[in-house]
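# Coordinates in review
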Amino acid sequence: MKNLTLKKIAEACNGRLYHYCPEKDKEVSGVELDSRKVKENFLFIAAKGERTDGHNFIGEVFSKGAAGVICEKEPEGENGVCILVKDSFQALKDIASFYRQGLDITIVGITGSVGKTSTKEFIASVLETKYSVLKTEGNFNNEIGLPLTVLKIRENHEAAVLEMGISDFGEMHRLSRIARPDICVLTNIGQCHLENLKSREGILKAKSEIFDFMKEDGTACLNGDDGMLRTVKTVKGKAPLTFGMAEDHTVYADRIEKKGLFGSEADFHVGGEVFHVGIPLPGEHMIYNALAAALTGSVMKLTKEEIIEGIESVKPVGGRSNLMRLGDKTVIDDCYNANPVSMCAALDLLSTALTRKVAVLGDMFELGEKEKEMHDKVGAYAAGLGIDVIICIGKLAGNIYEGAYRTMKGQASGKGEIYYFPSKEEFMEKQMVMIKEGDTILVKASHGMEFEKIIAMFTEEDTV
């Protein structure tokens, strides 16, 4: 890893070296927080987590050939190189920030309330048609995951696509210091993490911290159809580039043909060119994600052929609008996370199905003092779309039930089924009564509800 010798690592994190030998100092090969992943010549970050203390594994990583260890306690009985610091997690961030500044690479930072991961997948897929790309894997988008991702960048990489997620003020400022993005993409400003950020204005302020360490000649790419993002007039003294459905955006789409659960097609207007593209993932929000990728590709000088190839090659991420055919059923696996905006977008997608529509909806977390009202509105929205069966699971989801019941009873047809279960286990015991052959089933809730177990149940039934 370029410039990452143990001496420079100690300087970067203001650490104190133990058992250091200048003659044997060389660049480390990797950095890991998980002792099980440490290989020869790696740097191990020993930190105390919720479940375990990395300091207990220092001897183990040295036996694997680790080059050195970052630790918070003075090493006892170890002959390997240790770097003593006050805070191992802060050291991780400091090392990643130092490493980033020595890299000659284009970094795309992505944030927003909804659609970060799918947009990351679209942008990475587009850029991979021309460049060697590293992208965020899994949920490595926070103050631990982001620096670990940055530290996986190697000299063969020409671009990195980094997802950046937050829940409070100041977090994005710290992430931006680490990533120092060349291109900043903001998907939208919705209603999430309201416990700390309080309002959409607060969310915009917190997300906009991504610009704090953007390169001076960097580019901001914003969803121009988002009301809050439209208020951002300049970034680093320049007008941001925009994407959306209106003709006044830098990149826009028209002549949209929706194909329900099988995606959509549209004409994209990019840099004076117009080309037809197929978006393989379902939902209107996926068109916006593809537009963000087209705009990013244009900024990075990709051809229309490369942009089309990248968009049409994108694959769904598990737990995020992943369409699964399980026997006679179709399941929309969207259980990675949820907030009111993404919940309604998923319901819009379900409403395009041609078969009986079933929504299995769970609690949405971190919505603040209006959480009950927001759940109620989601229920009303689902019933208003004419979803055939609405299944509500969890304490807060009781409000989804109430909103759906009230709306359904107020409709002229009065048709539809609504069920409530306090827990997913109770639903899983009785689901055969509600689920029928040929149904299209949406499964969505906040990640903490562990609705992956419901998806697993449907998958197991398909293999029986």
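Residues numbered from 1 in each chain as written. Predicted model: local features only at pLDDT ≥ 70, side-chain atom pairs only at ≥ 80, totals over all residues. Heavy atoms only, no water.

Let us now look at the overall build of the protein. Of regular secondary structure, the protein possesses 15 helices and 20 strands. Taken over C-alpha atoms, the radius of gyration comes to 24 Å for the protein, in line with the 23 Å a tight globule of 464 residues would show. By principal-axis analysis of the C-alpha atoms, the protein measures approximately 80 × 55 × 45 Å. Looking at the protein alone, contacts between residues at least 24 apart form 66% of all its contacts between residues at least 6 apart. (Helix = DSSP H or I, 4+ residues; strand = E, 2+ residues; numbered from the N terminus. Rg over C-alpha atoms; globule rule 2.2 N^0.38 Å. Contact = heavy atoms within 4.5 Å.)

Further remarks concern the pairing of strand β14 (residues 273–279). Residues in a regular strand project their side chains so that they alternate between the two faces of the sheet. Summarising the sheet, strand β13 (residues 264–270) and β14 pair through seven bridges and their orientation is antiparallel. The residue bridging A266 from the neighbouring strand is V277, located in β14. (Pairing = 2+ DSSP bridges.)

If you walk through the whole model with that rule in mind, you get four aromatic pairs. A centroid spacing of 6.3 Å and a plane angle of 45 degrees characterise the contact between F268 and F275, whose relative ring orientation is tilted. With respect to burial, F268 and F275 carry one shared label: buried. An aromatic cluster of three or more residues is present, and its members are Y401, Y405 and Y420. Directly above the ring of F169 sits K205, whose terminal nitrogen or CZ lies 5.8 Å from the centroid. (Phe/Tyr/Trp six-rings, centres within 6.5 Å; stacked < 30°, edge-to-face > 60°. Buried < 20%, exposed > 50% of the residue type's maximum accessible area, 1.4 Å probe, protein only. Lys NZ or Arg CZ within 6 Å of the ring centre and 35° of its normal.)

Read from one edge of the open sheet, five strands run β1-β5-β4-β3-β2, paired in mixed fashion. The sheet terminates laterally at β1 (16–18) and β2 (30–32), the two strands that pair on one side only. When strand polarity is set aside, the average angle formed by the axes of neighbouring strands in this sheet is 20 degrees. (Axes fitted to C-alpha atoms, helices over the stretch in contact; angles between N-to-C directions.)

With respect to the helices and strands, the residue G30 is situated in strand β2. Separated by 14 residues in the primary sequence, G30 and F44 place their C-alpha atoms 8.6 Å from one another. Sequence-distant contacts of G30, defined by excluding residues within four places in its chain, comprise M1, N41, F42, L43 and R154.

What follows is about the environment of E27. The residue E27 is located in the loop between β1 and β2 in this model. Separated by 18 residues in the primary sequence, E27 and I9 place their C-alpha atoms 9.6 Å from one another. When sequence neighbours within four positions are dropped, the list of residues in contact with E27 reads M1, K2, N3, L4, T5 and N41. A polar side-chain atom of E27 sits 3.1 Å from the main-chain amide nitrogen of N3. (Polar contact = N/O pair within 3.5 Å; in protein donor to acceptor, adjacent residues only side chain to side chain.)

What follows covers the sheet that holds strand β15 (residues 322–326). The strand order across the open sheet formed by six strands is β15-β16-β20-β17-β18-β19, and the pairing between neighbours is mixed. Of all the strands in the sheet, the pair left with one neighbour each is β15 and β19 (417–421). Across the sheet, the axes of successive neighbouring strands diverge by a mean angle of 15 degrees, strand direction being ignored. Bridge analysis of strand β17 (residues 357–362) against strand β20 (residues 440–444) gives five bridges, and the strand direction is parallel. Looking at the pairing, V360 lines up with V443 of β20.

Attention now moves to the side chain of R180. Take R180: it is sitting in the loop between α6 (171–179) and β9 (183–186). For R180, the contacting residues outside a window of four places in its chain are S97, R100, Q101, F213 and K215.

Here we come to the environment of V85. Residue placement: V85 occurs in the loop between β5 (82–84) and α3 (88–101). Along the primary structure V85 and K395 are separated by 310 residues, whereas in three dimensions their C-alpha atoms are 43 Å apart. Among residues more than four places away in sequence, those in contact with V85 are C13, G15, I70, C71, E72 and A91.

So, about α6. Restricting attention to buried positions, one finds in α6 the residues E171, M172, L175, S176, I178 and A179. Looking straight down α6, one finds its buried side chains confined to an arc of 160 degrees; they lie on one side. Looking at the buried residues of α6, the elements they touch are α3, β6 (106–111), α5 (145–150), β8 (159–163) and α8 (200–207). Looking at the residues trailing α6, positive phi occurs at R180, about 40 degrees. (Arc of directions from axis to C-beta.)

Moving on: the pattern of salt bridges. Any two side chains of opposite charge can pair if their charged atoms end up close together. In this structure the tally under the stated criterion is 25 salt bridges. Residue D226 is joined to R200 by a salt bridge in which the shortest nitrogen-to-oxygen separation is 3.7 Å. Taken together, the residues D226 in the loop between β10 (219–223) and β11 (241–244) and R200 in helix α8 connect sequence positions 26 residues apart. With a relative accessible area of 8%, D226 lands in the buried category. Taking the relative accessible area as the measure of exposure, R200 reaches 29% and is therefore partly exposed. Taking the shortest distance from any N to any O, the salt bridge between E425 and K424 comes out at 3.7 Å. By relative accessible area, which is 40% here, E425 ends up partly exposed. (Salt bridge = Lys/Arg side-chain N within 4 Å of Asp/Glu carboxyl O.)

Within the element layout of this structure, T117 appears in helix α4 (residues 116–127). Among the residues examined, T117 registers a relative accessible area of 2% and is labelled buried. Only 2.8 Å separates the side chain of T117 from the side chain of E163, close enough to count as a polar contact.

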